[in-house]
Amino acid sequence: SKYYKPLKVFQLSSRYASSVKFSPDGTKIVLLFLSQKTIEIWDAKLEKKMHVLSDYSSTIDKLQFSPDSTFIASCSYDRIIRLFDINSGVEQLRLEGHTNIVKSICFSPDGKNIVSASLDGTIRIWSVQFGQEIKRIKYLGFLLDVKYSPNGEQLISLANDTIIRIWDVKSGDMIDTLKGHKSQVSATQFSRDGLFIVSSSSDETIRLWDITSRAQLKQFYLNYNMIINIQFLEDEQTIVALHNHDKILRLWDLKTGTEIQQLQGHNKNITGIDVSPDGNIIVSSSIDETIRLWTLVNN
């Protein structure tokens, strides 16, 4: 069974990170500071700051590493998607065209393209090599999130409603919907093997879906605040979940639908979570101005 214990605590000196992410190769950690409109890239092993990206005039919404860990992409309220070189911290590319706030970005699994979702009601796919839009999908409503499937053939999107939409990347057509949540879907995540989707909603449920049959496999009632971030562990059956306005990280077993561990240590609301590529470390950020690392102990 999975069990994590505290590993390290980093103090951030009178500021807090609103999100935290591991690079796919596990060597870097990126922190987003909303109030300062800055991004910091840290060396995970040396535990030291490498670069500060601060050329922003508006709020930064999301961050995403490229699959090969060479670039980091950001989207912000100024409607611009930026790509930075990880090692130099230098901006390499700007993608412009959205007419409203860009809420979500995601690299394709091969790193060649970026997909974005915006309040302008479009999903757009961009070529990283050529720095231009190569496909546009129109949707009547605000789009809040978009993700590539692990095989790169499909997208899932969230809007301000109860439905998870599945799109075909090549055709741009919506090929299916996942319906069942009773109120707005707050978070989704593909399993690492791409066979399942886990979702959460303000209806206070977690739901597990089969990506092939589109069937809902399981439904768990939380009985407290909705989940705003979900990450699969490498066993594909355990998730770490961040609940809205919560100081505790919670591990859930998807087979039994039970909460199997609580990670306690933060004394104010947690703002972000991520899992290292090997699944051995969980990282969390909090309003308490700390970054905490939790390490796997095999029972």
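Here the structure is a predicted model, which is why all the values come from computation and not from measurement.

Cut-offs used in this document
- Residues numbered from 1 in each chain as written.
- Predicted model: local features only at pLDDT ≥ 70, side-chain atom pairs only at ≥ 80, totals over all residues.
- Heavy atoms only, no water.
- Helix = DSSP H or I, 4+ residues; strand = E, 2+ residues; numbered from the N terminus.
- Rg over C-alpha atoms; globule rule 2.2 N^0.38 Å.
- Buried < 20%, exposed > 50% of the residue type's maximum accessible area, 1.4 Å probe, protein only.
- Contact = heavy atoms within 4.5 Å.
- Areas by Shrake-Rupley, 256 points an atom, 1.4 Å probe, with all protein chains shown as cover.
- UniProt positions renumbered as here; feature names shortened; annotations may be inferred.
- Pairing = 2+ DSSP bridges.
- Axes fitted to C-alpha atoms, helices over the stretch in contact; angles between N-to-C directions.

A. Structural detail: the overall build of the protein. Scanning the protein from N- to C-terminus turns up zero helices and 28 strands. The C-alpha atoms of the protein give 18 Å as radius of gyration, which agrees with the globular expectation for 299 residues (19 Å, within 12%). Across its three principal directions, the C-alpha atoms of the protein cover 50 × 45 × 30 Å. Within the protein, the proportion of its 299 residues that are buried is 55%. At a minimum sequence separation of 6, the contacts of the protein that also span at least 24 residues come to 40%. On the protein, roughly 12900 Å² of surface is accessible, and the fraction owed to carbon and sulfur atoms is 47%.

B. A look at the UniProt feature "repeat: WD" (unreviewed entry) in the protein. Per the UniProt record, "repeat: WD" (unreviewed entry) is annotated on residues 53-94, 95-136, 146-177, 178-219 and 263-299. With 0% helix and 57% strand, residues 95-136 has its two end C-alpha atoms placed 14 Å apart. Its end C-alpha atoms 14 Å apart, residues 146-177 is made of 0% helix and 56% strand.

C. Spotlight on the sheet that holds strand β15 (residues 154-159). The antiparallel open sheet is built from four strands, whose spatial order is β14-β15-β16-β17. Strands at the two margins of the open sheet, each flanked by one partner only, are β14 (143-148) and β17 (174-178). Each strand of the sheet is rotated relative to its neighbour by a mean of 25°, with strand direction disregarded. Here β15 runs beside strand β16 (residues 164-168); their pairing, made up of five bridges, is antiparallel. Of the residues in β16, the one forming a bridge with Gln154 is Asp168.

D. Highlighting the sheet that holds strand β12 (residues 122-127). Across the sheet, four strands lie side by side as β10-β11-β12-β13; this open sheet has antiparallel pairing. The two strands at the open ends of the sheet, each matched to only one other strand, are β10 (102-107) and β13 (132-138). In this sheet, neighbouring strand axes are inclined to one another by 20° on average, regardless of whether the strands run parallel or antiparallel. As paired strands, strand β11 (residues 113-118) and β12 are joined by five bridges and run antiparallel to one another. Each residue of the ladder has a partner; that of Val115, found in β12, is Ile125.

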